[in-house]
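Residues per chain are reported as follows:
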Amino acid sequence: MKYRGVYVNLSSANPGVVKKTINISKALNSFEFLSFSLVEPGFKLNHEVIEDHGLKKVKLSIYSSFKIQYLLQKSMLKYFSIGFVKSWMFEKMFFKSLLKYQLINNIDVIIIRYPFASLPLYNFLKISNSKVFLEFNTFELEEFKAQSRFFYFKSKYFLELILRKNILKAAEGFFGVTNEIIEYQNRFLDIFKKPTFLLSNGVQYDYKVSNNLRKTDSINFVILVGEDQPWQGIDRLIFSLKRFPLKEKSRFYIIGKLSQSSNNLVRNAKIKNVSFDILGVLSFPQIKEVLKEIHIGISSLCLYKKSMNEASPLKVRDFALNGLPILLAYLDTDFCSNEKLKKFTFQVENNDSPINFNSVVSWYKNFNKNSLFEFQKNSLEILSYKNKLEPFIDYLKKDP
């Protein structure tokens, strides 16, 4: 039997997340008995279909195919001023379109990157005749609390409180990016009565690794923040460098969109032997070029701020594929449980204690070019999405 499936990214335009959804979809599509497409919202009159190296990407139009109704819906979504009503309208139109697409194309399996709770999502789960799996990537309620002191005024927070249990009940099964996140969902419902899979963040299964020779006149660190959040830990970084001054020249490259407060903190920091390059938002090819000059990658340093102790961020996988040993301030789902990868991580506490970067530099100097290239090859083998998806594939093969 050939399964037809779609992977749905409804809400995130973050470049790292977009890259992840493409890589998961490609990995799923590489199995012989599966035909998988990537579905995202589209904002034109008709669906747009793009073929990308064997993967079909569908920009699913959220609007009616009737011209007058299309213009009315588009105007309402553009000009309606109340945020939570606009969000509800958008999701209602999207899931209506997804339901129609599912029926016309005989879709057997749908994986939805969880877009937070909503009535349209819940209603779709109830009436869909496909097997719908939800992929969870964070502690939703705790993330709201970490982002704002006024979280209790946000409609998203109350929708999570009210609808979460019913949404979990209506889903066919679940993916969690860490064991800790799976256990978090289990607080609201015994999800282990349904098919549940660990799908920690991985890497492109057909990625080509290369062995780069890096200059050693200074030790270069990199921080990838995407969009600056409290748990990225820019404040802990500066505090640590002031508390334990570096004994040799080091450069810290910061890639992503920094908040104004973090930007000021970095630019005003005058620390002996330390220089900073704030590079802003870069494309993936640009990031790859920067990583050729880097020696050590830095993970999020304050994950405790959203009550988490385990994670598997995409940036750490990028570090590994490029042969960068990693400073970790939490338990990484893959690295902490695999001896081949663990020895390339420098583990510090998941709190606000200062980090001695002199110790990190001394640790890094134990590695040579050959050992770092071996790290790259092992990372590709262990962290590829195709390898991580095997338990789900086995489940589909056995499921009647």
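Residues numbered from 1 in each chain as written. Predicted model: local features only at pLDDT ≥ 70, side-chain atom pairs only at ≥ 80, totals over all residues. Heavy atoms only, no water.

### Re the packing of aromatic side chains
Phase 1 of the analysis: A full pass over the atoms with the stated rule returns 29 aromatic pairs.
Phase 2 of the analysis: Seen from their ring centres, Phe175 and Phe392 are 5.0 Å apart, and the 70° between their planes marks the pair as edge-to-face. Taken together, the residues span a long stretch of sequence, with Phe175 in strand β7 (residues 173-176) and Phe392 in helix α16 (residues 390-398) at a distance of 217 residues. Phe392 shares its class with Phe175; the two are buried.
Phase 3 of the analysis: Ring centres of Phe344 and Phe375 lie 4.3 Å apart, and the angle between their planes is 10°; this geometry places the pair in the stacked category. With a gap of 31 residues between them, Phe344 in the loop between α12 (339-342) and β16 (345-347) and Phe375 in helix α14 (residues 369-383) connect regions that are remote in the sequence. Take Phe344 and Phe375: they sit in the same class, and that class is buried.
Phase 4 of the analysis: One aromatic cluster is present, built from ring pairs that chain together Phe335, Phe344, Phe346, Trp363, Phe367 and Phe375. (Phe/Tyr/Trp six-rings, centres within 6.5 Å; stacked < 30°, edge-to-face > 60°. Helix = DSSP H or I, 4+ residues; strand = E, 2+ residues; numbered from the N terminus. Buried < 20%, exposed > 50% of the residue type's maximum accessible area, 1.4 Å probe, protein only.)

### Re unusual backbone geometry
Phase 1 of the analysis: One non-glycine residue, Phe116, lies in the positive phi region at around 80°.
Phase 2 of the analysis: Along the chain, the position of Phe116 falls in the loop between β5 (109-113) and α4 (119-127).
Phase 3 of the analysis: The backbone phi angle of Asn273 is positive, close to 70°, even though this residue is not glycine.
Phase 4 of the analysis: Turning to its location among the elements, Asn273 is positioned in the loop between α9 (260-267) and β11 (274-280).

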